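This is what each chain is made of:
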Amino acid sequence: MVESFVRGNKKITVIDLSDCLSNDTSSFEPNAHQIEYIDHEQSLEMAKQFFGLEKEDWPTGHSWAVETITLSTHSGTHVDAPYHYGPYSGGKPARTIDKVPLQWCFGNGVLLDMTHKNKGESIDDTDIEKELERIGYEIVPEDIVLIRTDTSKMFKQPGYDMMHPGLSRKGTAYLVEKGVKLIGIDAWGIDRPFDVMIKEAKEGNKEQLWESHFYGLENEYLQIERLSNLEAIPINFGFKVYAFPVKIENASAGWSRVVAIIEEEI
């Protein structure tokens, strides 16, 4: 979804980067979810049970709509907290999602195109350096870096969680050590798919297993997983990203309605 409007002397474009949670995919999601819909007619029974109200008591003849959702904090578009990676980060207790600084959750966006990378391939520091050179940009502390793979186009397909390339430890370290606190990707996870990582771990290369996540045990950072619509951002930098997670006590992640905003003088 892209919306453009004029506010004052500026044209503002808002680009929705969040995936829509739907029962259409609940049967094959790795983090299962289920949405129960109760419409305005069905809720009349609830109103009768809770308040003793009959249908004729309502001026419109119906009551409210409400949904009950069962899901993981890692379902849909979400922000991972350092606590997701382990109990400690940088030698200190790892922060849960309700404790992460809000200033990390909004800032200047940088879009890196990694659509040339195939399933299971690593996105490393040299890949990032080449892309930054191509777009003519240098990372600034607290930039929010978005990794575009276009895997989000397969989110409605079973097995999409095994279709993406992922950041290597070197790629993650390159960004975090330059002051980046939030990295997003339009894929199920920021690391390579588990089928690839498990195979290599069983063959003896255990160091690569969940390497980008586990880098967060050393240097604290956040990540956004399951972004969508990165292809709708028309520029590589010069836009803002907002990704405030839902505040859940002691949780390892929180759902987020992530948006990119472009402001232009008119």
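Basis of the calculations
- Residues numbered from 1 in each chain as written.
- Predicted model: local features only at pLDDT ≥ 70, side-chain atom pairs only at ≥ 80, totals over all residues.
- Heavy atoms only, no water.
- 1 Å grid on protein atoms, 1.4 Å probe; cavity = no way out; pocket = protein on both sides within 12 Å on 5 of 7 lines; lining within 4 Å.
- Points joined across faces, edges and corners; volume = space filled by probe spheres on them.
- Nonpolar A, V, L, I, M, F, W, Y, C, P; charged D, E, K, R; others polar.
- Patch = residues over 30% accessible without salt bridge, like charges linked within 9 Å, V, L, I, M, F, W, Y side chains within 5 Å.
- Areas by Shrake-Rupley, 256 points an atom, 1.4 Å probe, with all protein chains shown as cover.
- Salt bridge = Lys/Arg side-chain N within 4 Å of Asp/Glu carboxyl O.
- Helix = DSSP H or I, 4+ residues; strand = E, 2+ residues; numbered from the N terminus.
- Pairing = 2+ DSSP bridges.
- Axes fitted to C-alpha atoms, helices over the stretch in contact; angles between N-to-C directions.
- Contact = heavy atoms within 4.5 Å.
- Parallel < 35°, antiparallel > 145°, perpendicular 65-115°, else oblique.
- Buried < 20%, exposed > 50% of the residue type's maximum accessible area, 1.4 Å probe, protein only.
- Phe/Tyr/Trp six-rings, centres within 6.5 Å; stacked < 30°, edge-to-face > 60°.

Trainee: So, the layout of surface pockets: which residues are in play, and what are the values?
Mentor: Here the largest pocket defines a volume of roughly 220 Å³. If you go around the largest pocket, the residues you meet are Asp16, Ser18, Asp19, Cys20, Leu21, Leu71, Ser75, Gly76, Thr77, Trp255, Ser256 and Arg257. Tallied by class, residues from the lining of the largest pocket come to four nonpolar, five polar and three charged. Lining the second largest pocket we find 18 residues, and of these Trp188, Gly189, Trp210, His213 and Glu225 sit closest to its centre. Residues that form the lining of the second largest pocket fall into these classes: six nonpolar, seven polar and five charged.

Trainee: With reference to specific residues and values, describe a nonpolar patch on the surface.
Mentor: A grouping of Leu102, Phe106 and Phe244 is seen on the molecular surface, where their side chains present a nonpolar patch of about 290 Å² in accessible area. Residue placement: Phe106 occurs in strand E8 (residues 106-113).

Trainee: Can you explain the sheet that holds strand E15 (residues 253-255)? Please cite residues and give values.
Mentor: Reading across from one edge, E1-E2-E16-E14-E8-E10-E12-E13-E5-E15 is the order of the 10 strands in this open sheet, with mixed pairing throughout. Among the strands making up the open sheet, the edge pair consists of strand E1 (2-7) and E15. Sheet twist, expressed as the average angle between the axes of neighbouring strands with direction ignored, equals 30 degrees. When strand E2 (residues 10-16) meets strand E16 (residues 259-265), the two strands line up antiparallel, connected through seven bridges. Counterpart to Val14 in the pairing with E16 is Ile261. Helix H2 (residues 125-135) rests against E8 and strand E14 (237-242) of the sheet, and its axis sits at about 100 degrees to E8.

Trainee: How would you explain the packing of H2 against helix H3 (residues 169-176) if you had to name every residue and give the values?
Mentor: Orientation of H2 relative to H3, taken along the N-to-C sense of each, is 50 degrees, at an axis distance of 7 Å. On the basis of the axis angle, H2 is oblique to H3. Residue-level inspection shows Asp125, Ile128, Glu129 and Leu132 of H2 in contact with H3, the latter providing Lys170, Gly171, Tyr174 and Leu175. For the contact of H2 with H3, a count of residues per class yields four nonpolar, one polar and three charged.

Trainee: Describe the pattern of salt bridges, and please don't skip the residues or the numbers.
Mentor: As enumerated under the stated definition, the model contains 16 salt bridges in all. Glu54 is the salt-bridge partner of Lys48, the closest N and O atoms lying 3.9 Å from each other. Judged by its relative accessible area of 31%, Glu54 is partly exposed. Put simply, Asp19, Glu29 and Arg226 are held in one network by salt bridges that share partners.

Trainee: Can you break down the packing of aromatic side chains residue by residue, with the values?
Mentor: On inspection of all chains with the given rule, the structure shows 10 aromatic pairs. Measuring from centroid to centroid gives 6.0 Å for Phe106 and Tyr242, while their planes differ by 5 degrees, and the two rings are stacked. Here Tyr242 lies in strand E14 and Phe106 lies in strand E8, a separation of 136 residues in the sequence. On the accessibility criterion, Phe106 (38% relative accessible area) is partly exposed.

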